[in-house]
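Descriptive structure summary
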Amino acid sequence: MSRITCEIVNKQTGEVLHPLSHQGQKYIVTEAGTEFKVNVRLDNHTGKEHKIYLTIDGVDVGYSKIMYGTSGVSEATFEGYLQQQANHAPSLYRAFKFGACKPSEDAATVDHPDEIKAGRIEVTCDVVVPTGCRDTSQPLAQPVVVGDAAARKKLPEGKKWFLAPGLKAEAGSTVASTTNWNYTIYTPVSSLAPIKLRYDTADNLLLRKILNPSKPEHRAILRASRDQRLVRLGQEPGEASSRQTTAGSSTQ
């Protein structure tokens, strides 16, 4: 049986944003303004071809990836939302970017946070067989327009605001990447278990008690923040006072 895994990678630093687990759900802790890419790894024990799909906030990114039928490990990267497909030049994408999720006053009211589609990344994979070929003179996909549809909902007055997602996906900087477009028509024969991730701010996850500073692995996430307030929260017990003492003595 084959298996897929994925990594969310900060494009600026190359750092992998490791998820934390809470009650069967995996969460990426991140910040508005961070651009990212999605690396998918397939451990293929069947020798069959696999087709990988990616959706962010319920929006398909505009293309899929084919993992060919060689038994072993293979990898593919989703760089961003497709903007312009090119067969004989680099194709253009807009990088995935985490942005602040702030619904407007006229946003539709929903009863449960799960009805708000922002803050979600999903990777799905089908085992496929080739059954034909598309017209190579026609584009495989249309450019993706990333709007605010996933965030145009809000919780009723009186509900705890931090239960709603604090982040949504946006289109970031333009990325040019040479892509070998595959015009083969594939038919799915089975599907692997999907990967479902949530992403949100450290503040929201702290308030929901999903991010726990008493756990060393959670403190490491806080220390990686650009927000010095969160960095201090992630320091080891006694670390802050020790630094302050050192800093004070050096100025004398």
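Residues numbered from 1 in each chain as written. Predicted model: local features only at pLDDT ≥ 70, side-chain atom pairs only at ≥ 80, totals over all residues. Heavy atoms only, no water.

Comments concerning the packing of aromatic side chains
We apply this condition: Any two rings among Phe, Tyr and Trp, with Trp reduced to its six-membered ring, count as a pair given centres within 6.5 Å; such a pair is stacked if its planes are under 30 degrees apart, edge-to-face if over 60, and tilted if neither. Secondary structure elements are defined from DSSP: runs of H or I of at least 4 residues count as helices, runs of E of at least 2 residues count as strands, and each element is numbered from the N terminus. For the exposure calls, accessible area comes from a 1.4 Å probe over protein chains only, and a residue counts as buried if that area is under 20% of its type's maximum, exposed if over 50%, partly exposed in between.
As enumerated under the stated definition, the model contains seven aromatic pairs in all. Taking 4.9 Å as the distance between ring centres and 85° as the angle between the ring planes, the aromatic pair formed by Y81 and F96 counts as edge-to-face. Taken as a pair, Y81 in strand β9 (residues 80-84) and F96 in strand β10 (residues 91-100) lie far apart in primary sequence, 15 residues in all. On the basis of relative accessible area, Y81 is assigned to the buried category, the value being 1%. With a centroid separation of 4.8 Å and 50° between ring planes, the pair formed by F98 and Y199 is classed as tilted. Of the two residues, F98 is situated in strand β10 and Y199 in strand β16 (residues 195-200); the sequence distance between them amounts to 101 residues.

Focus: the pattern of salt bridges
Condition: In the sections that follow, a salt bridge refers to a side-chain nitrogen of Lys or Arg positioned within 4 Å of a carboxyl oxygen of Asp or Glu.
Under the defined criterion, the tally for this structure stands at six salt bridges. A salt bridge links E79 to K11; its shortest N-O distance comes to 3.3 Å. Here E79, found in the loop between β8 (72-78) and β9, pairs with K11, found in the loop between β1 (3-10) and β2 (20-22); they are 68 residues apart in sequence, far enough to count as distant. We classify K11 as partly exposed; its relative accessible area is 28%. Taking the shortest distance from any N to any O, the salt bridge between D203 and R229 comes out at 3.0 Å. Of this pair, D203 sits in helix α1 (residues 202-207) while R229 sits in helix α3 (residues 228-233), and the two are 26 residues apart along the sequence. Classification of D203 as partly exposed rests on a relative accessible area of 31%. By sharing partners, the salt bridges in this structure join D203, D227 and R229 into a single network.

With respect to the nonpolar core
This is how it is decided: Residues grouped as a nonpolar core are buried Ala, Val, Leu, Ile, Met, Phe, Trp, Tyr and Cys residues, joined through side-chain atoms within 4.5 Å. Whether two residues are in contact is decided by their heavy atoms, any of which lying within 4.5 Å being enough.
By size, the foremost hydrophobic cluster in this structure holds 38 residues, and its most contacted members are I8, V38, L54, I56, F78 and F96. Residues contacting I8, with those up to four places away along its chain left out, are E15, V16, L17, I28, F36, K37, V38, F98, I121 and L197. Grouped together as the second largest cluster of nonpolar side chains are ten residues, V29, L206, I210 and L211 included.

Quick notes on the pairing of strand β3 (residues 25-29)
Our working rule: Being paired, for any two strands, means DSSP has found at least two bridges between them.
Counting buried positions along β3 yields four of five residues, so the element is predominantly enclosed. Linking two consecutive strands that pair antiparallel, namely β2 and β3, is a turn of two residues; a positive phi of about 50° is found at Q23 within it. When β3 meets β16, the two strands line up parallel, connected through four bridges. Looking at the pairing, I28 lines up with Y199 of β16.

Describing helix α2 (residues 216-223)
Filter applied, for reference: Arc definition: directions from the helix axis to the C-beta atoms.
Those residues of α2 not exposed but buried are H218, R219 and L222. The arc that holds the buried residues of α2, viewed along the axis, is 100°, so those residues lie on one side. In this structure, the buried residues of α2 make contact with β2, α1 and α3.

A short note on the confidence of the model for the chain
Let me state the cut-off plainly: The quantity called pLDDT is the predictor's confidence in a given residue, expressed from 0 to 100.
Overall, the predicted model of the chain reaches an average pLDDT of 85, with 87% of residues at or above 70. In the predicted structure, residues 241-252 sits below a pLDDT of 50 and forms one contact with residues beyond four places in sequence or in another chain.

A look at unusual backbone geometry
Positive phi, normally seen in glycine, also occurs at Q23, with a value near 50°. Looking at the secondary structure, you find Q23 in the loop between β2 and β3. In this structure, D57 is a non-glycine residue whose phi angle is positive, near 55°. Given a relative accessible area of 6%, D57 falls into the buried group.

So, the pairing of strand β5 (residues 49-56)
Counting buried positions over the eight residues of β5 gives six, a clear majority of the element. Sheet analysis places β5 next to strand β12 (residues 120-133), joined by eight bridges and oriented antiparallel. In the strand pairing of β12, K51 is matched with D126. As defined by bridge partners, β5 adjoins strand β6 (residues 59-60) across two bridges and the pair is classed as antiparallel. Of the residues in β6, the one forming a bridge with I56 is V59. As consecutive antiparallel partners, β5 and β6 are separated by two residues, and within that stretch D57 has a phi angle of approximately 55°, a positive value.

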